[in-house]
Amino acid sequence: MKIRFADSRPAGDYALVLPVPGKDRSTLASLGASQSSVVAALDRARFEGEAASSSEQFIDDDGSVRRLIVVGTGVGTAPLDAAEKLGGTVASKLQTSGEKTAVIDLTGLGYDADAAARVALGAALRSWRYDRYRTKLKDNQKPTLGEIVIVGGGAGAAKRYEQRWVPVVEGVSLTRELVTEPANIIYPESFVERVKASVKGSGLDLEVLDRAAMEKLGMGALLGVAQGSVREGRLLILKWNGGGKGQPTAFVGKGVTFDTGGISIKPAAGMEMMKWDMGGAGAVVGAMKALALRKAKASIVGICGLVENMPGGNAQRPGDVVTTMSGQTVEVINTDAEGRLVLADAVTYVQRNYKPGTIIDLATLTGAILISLGHEWAGLFSNNDELAGKLQSAGEESGDKLWRMPLAEPFDRLIDSPIADMKNVGPREGGSITAAQFIQRFVENGVKWAHIDMAGKAWSDKASATYEKGATGYGVRLLDQYVADVLER
Ligand code: BES
Ligand code: MN
Ligand code: ZN
């Protein structure tokens, strides 16, 4: 999607988009002679101008037919939120409409450059789609909208969009692509290759550990999960050094490219969804790409633990005891609780090699978090109130929302094992919490740590203002906003 900013409406053929704040109709004044019939039509359609609502009609514009979309920006809706929804609504309404160009005229809305840039962000995010495997799309199902012109955004809107948001769109798009691809295409090795190609020239430093390298380091937990698959595991490390003082911040992602459950195999119904069990790793690489492209003034390392969890002749068994890189041992009660095993070694690796002051891990870790929070919030666990607060603020600002969950010693006790230092599952109750407690056992003293259980957020069965059904790109904007708010000031 090409997005540009202009001072006035261009000449020629395009769909015109006019935003209206609630029931206020004043921004329609530019319609001139058509205004009264347009307003009458809106009233007939009981259009109330709520954010993300829209009404379409065709008007006579100097003898030719023009499509007009009136989009609400609401009254109570936070302005930047409404701006994003406006852009997203335009993209979703017009993407396959037959229109090639849309002109969004913000005149009279009172938007500043920041808000105008967010209109562009919403439109760009909502335009993303992945048609690689659709060879039989009918002509009228194919996207037509190629350009959006935003009028009346004021000076600085274009620059703001290019510098602050285009990198984020690039990052979110990479994440969505990785999450969307099936597991016969994206497995640990090909995940690495896809990321390499995508971040080429961004200034990110890449390092990859293969099985032999991880064996040497004693990463028995990650390798134990990987051993059932013919696809070898990988550890992918992305480094961004944009300056900033003090210790680096680490992002760690769960990258299970497919989770069958292993020998503790999952039921068949819905198992195809487990192609997106690498959503945490996807978010980490998307965020790293965004931060590099916008040259964030911070020093960050992103680590992805990449494995495929399969049953097989060499798969690990329930009851196996593995030794993690930290030296701690784990009794693997359930091979389907694999994400925490992968994260344990990834977290140890990053602490040994990069001495981060803060670690934020993201993982589609438990079905239990869906039971707790549904699909609206991801779960946040942290050993540090300040870090938790800052992440929650970044969540509110970016729309990638977080709800804080507890950690406490009585939960920790539930994963003690009679044969090893710990077992990889607790009881059914509080399943997301015991999973978090497990990861916490690998966090070294003095390190601030937050764990984000995003099992309900990587994929959506319904469209929103900024994404179509499918991969959401959750986590990229959260991490990007956290860096902007906390590390870059
Ligand atoms: N990848 C799953 C969690 C998941 C479930 C993500 C549903 C998205 C949707 C994870 O590896 C898993 O299987 N967790 C188990 C843990 C249990 C065995 C303790 C679960 O949640 O059932
Ligand atoms: Mn699992
Ligand atoms: Zn999993």
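The protein atoms that coordinate the zinc ion (ligand 3) are Lys254 (NZ), Asp259 (OD), Asp277 (OD) and Glu338 (OE), at distances spanning 2.0 to 2.4 Å. Between the zinc ion (ligand 3) and the manganese ion (ligand 2), a separation of 3.2 Å is found, and both are coordinated by Asp259. Linking Lys254 in strand β9 (residues 249–259) with Asp277 in the loop between β9 and α8 (279–293), this pair joins segments that are 23 residues apart in sequence.

Here we have six strands laid out as an open sheet, ordered β1-β6-β5-β2-β4-β3, and mixed in their pairing. Sheet topology places β1 (2–6) and β3 (54–61) at the edges, where each strand pairs with a single neighbour. Adjacent strand axes in the sheet meet at a mean angle of 25 degrees, parallel and antiparallel pairs treated alike. Both strand β2 (residues 15–20) and strand β4 (residues 64–72) contribute to a ladder of five bridges, which runs parallel. If you follow Leu18 over to β4, its bridge partner there is Val70. Contacts from helix α2 (residues 79–94) reach β2, β3, β4 and β5 (101–105), with the element oriented near 140 degrees to β4.

So, on to the side chain of Ser127. Position of Ser127 relative to the elements: it lies in helix α3 (residues 113–127). Among the polar contacts made by the side chain of Ser127, one reaches the main-chain carbonyl oxygen of Ala123 at a distance of 2.5 Å. Setting aside its immediate chain neighbours within four residues, Ser127 contacts Met1, Ala91 and Gln95.

Once that is clear, we can look at the pattern of salt bridges. Side chains that differ in charge, positive against negative, can pair when their charged atoms come close. In total, this model carries 39 salt bridges according to the counting rule given. Salt-bridge contacts for Asp131 lead to Arg134; the nearest nitrogen and oxygen are separated by 3.6 Å. Here Lys390 ties to Glu386 by a salt bridge, and the two come within 2.8 Å at their closest N and O atoms. Of this pair, Lys390 and Glu386 are both found in helix α11 (residues 385–398), four residues apart, which corresponds to roughly one turn of the helix. Under the relative-accessibility criterion, Glu386 is labelled exposed at 52%. The structure contains a network of salt bridges with shared partners spanning Glu189, Arg211, Glu215, Glu232 and Arg234.

Around the manganese ion (ligand 2), the protein contributes the donor atoms Asp259 (OD), Asp336 (O), Asp336 (OD) and Glu338 (OE), at 2.0 to 2.2 Å from the metal centre. Between the six donor atoms coordinating the manganese ion (ligand 2), the angles at the centre fall across 70 to 166 degrees, so the site counts as irregular. Expressed as a motif, the donor residue spacing for the manganese ion (ligand 2) is D-x76-D-x1-E.

It is worth spelling out α2 at this point. Between the first and last C-alpha of α2 there are 23 Å, a value that for 16 residues agrees with the 22 Å anticipated at 1.5 Å per step. Regarding α2, the residues found buried are Ala82, Ala83, Glu84, Leu86, Gly87, Gly88, Thr89, Val90, Ala91 and Leu94. Structurally, α2 contributes buried residues whose contacts are with β2, β3, β4, β5, α3 and α14 (476–487).

Another aspect to go through is the packing of helix α9 (residues 339–354) against helix α13 (residues 431–440). One can describe the packing of α9 onto α13 by two numbers: an axis separation of 9 Å at closest approach and a directional angle of 25 degrees. On the basis of the axis angle, α9 is roughly parallel to α13. Note that α9 runs across α13; the crossing there is right-handed. Counted together, Arg340, Leu341, Leu343, Ala344 and Val347 of α9 and Ala435, Phe438 and Ile439 of α13 form the full contact between these two elements. Taken together, the residues of the contact of α9 with α13 sort by class into seven nonpolar, no polar and one charged.

Turning next to the domain arrangement of the protein. Examined at the domain level, the protein breaks down into domain 1 (2–155) and domain 2 (165–487). The distance between the C-alpha centroids of domain 1 and domain 2 comes to 37 Å. Contact with domain 1, which involves 15 residues of that partner, is made by 19 residues of domain 2. Among the residues of domain 1 in contact with domain 2, Leu125, Arg126 and Trp128 are the three that bury the most area, contributing 44% of the side total. Counting across the domain 1 and domain 2 interface gives three salt bridges. A salt bridge links Arg132 to Glu181, with the shortest nitrogen-to-oxygen separation between them at 2.7 Å. For the interface between domain 1 and domain 2, the tally reads seven residue pairs in polar contact (both at pLDDT 80 or more). Listing elements by their share of the side of domain 1 that touches domain 2, those giving two or more residues are α2 and α3. A per-element tally of the side of domain 1 that touches domain 2 places α3 first, with seven residues. Residues of the side of domain 1 that touches domain 2, tallied by class, amount to seven nonpolar, three polar and five charged.

Near ligand 1 you find 17 residues, and of these Lys266, Asp277, Asp336, Glu338 and Gly367 are the closest. One nitrogen or oxygen atom from the side chain of Asp277 is found 2.9 Å from a nitrogen atom belonging to ligand 1. Side-chain polar atom of Glu338 to an oxygen atom of ligand 1: 2.8 Å apart, as the coordinates give it. Across the complex, the protein chains shield 78% of the 520 Å² of accessible surface that ligand 1 would expose by itself. Partitioned by chemical class, the residues of the shell around ligand 1 number six nonpolar, four polar and seven charged.

About the thresholds
Residues numbered from 1 in each chain as written. Chains lettered and ligands numbered in written order. Predicted model: local features only at pLDDT ≥ 70, side-chain atom pairs only at ≥ 80, totals over all residues. Heavy atoms only, no water. Donors = N, O, S within 2.8 Å, 3.2 Å for Na, K, Ca; no water. Helix = DSSP H or I, 4+ residues; strand = E, 2+ residues; numbered from the N terminus. Pairing = 2+ DSSP bridges. Axes fitted to C-alpha atoms, helices over the stretch in contact; angles between N-to-C directions. Contact = heavy atoms within 4.5 Å. Polar contact = N/O pair within 3.5 Å; in protein donor to acceptor, adjacent residues only side chain to side chain. Salt bridge = Lys/Arg side-chain N within 4 Å of Asp/Glu carboxyl O. Buried < 20%, exposed > 50% of the residue type's maximum accessible area, 1.4 Å probe, protein only. Tetrahedral: all angles 85-135°; square planar, octahedral: opposite > 155°, others 65-115°. Expected span 1.5 Å × (residues − 1). Parallel < 35°, antiparallel > 145°, perpendicular 65-115°, else oblique. Left-handed = near helix turned anticlockwise from the far one by under 90°. Nonpolar A, V, L, I, M, F, W, Y, C, P; charged D, E, K, R; others polar. Domains from an automatic or database assignment. Buried area = accessible area lost by both parts, 1.4 Å probe. Near = heavy atom within 4 Å. Areas by Shrake-Rupley, 256 points an atom, 1.4 Å probe, with all protein chains shown as cover.

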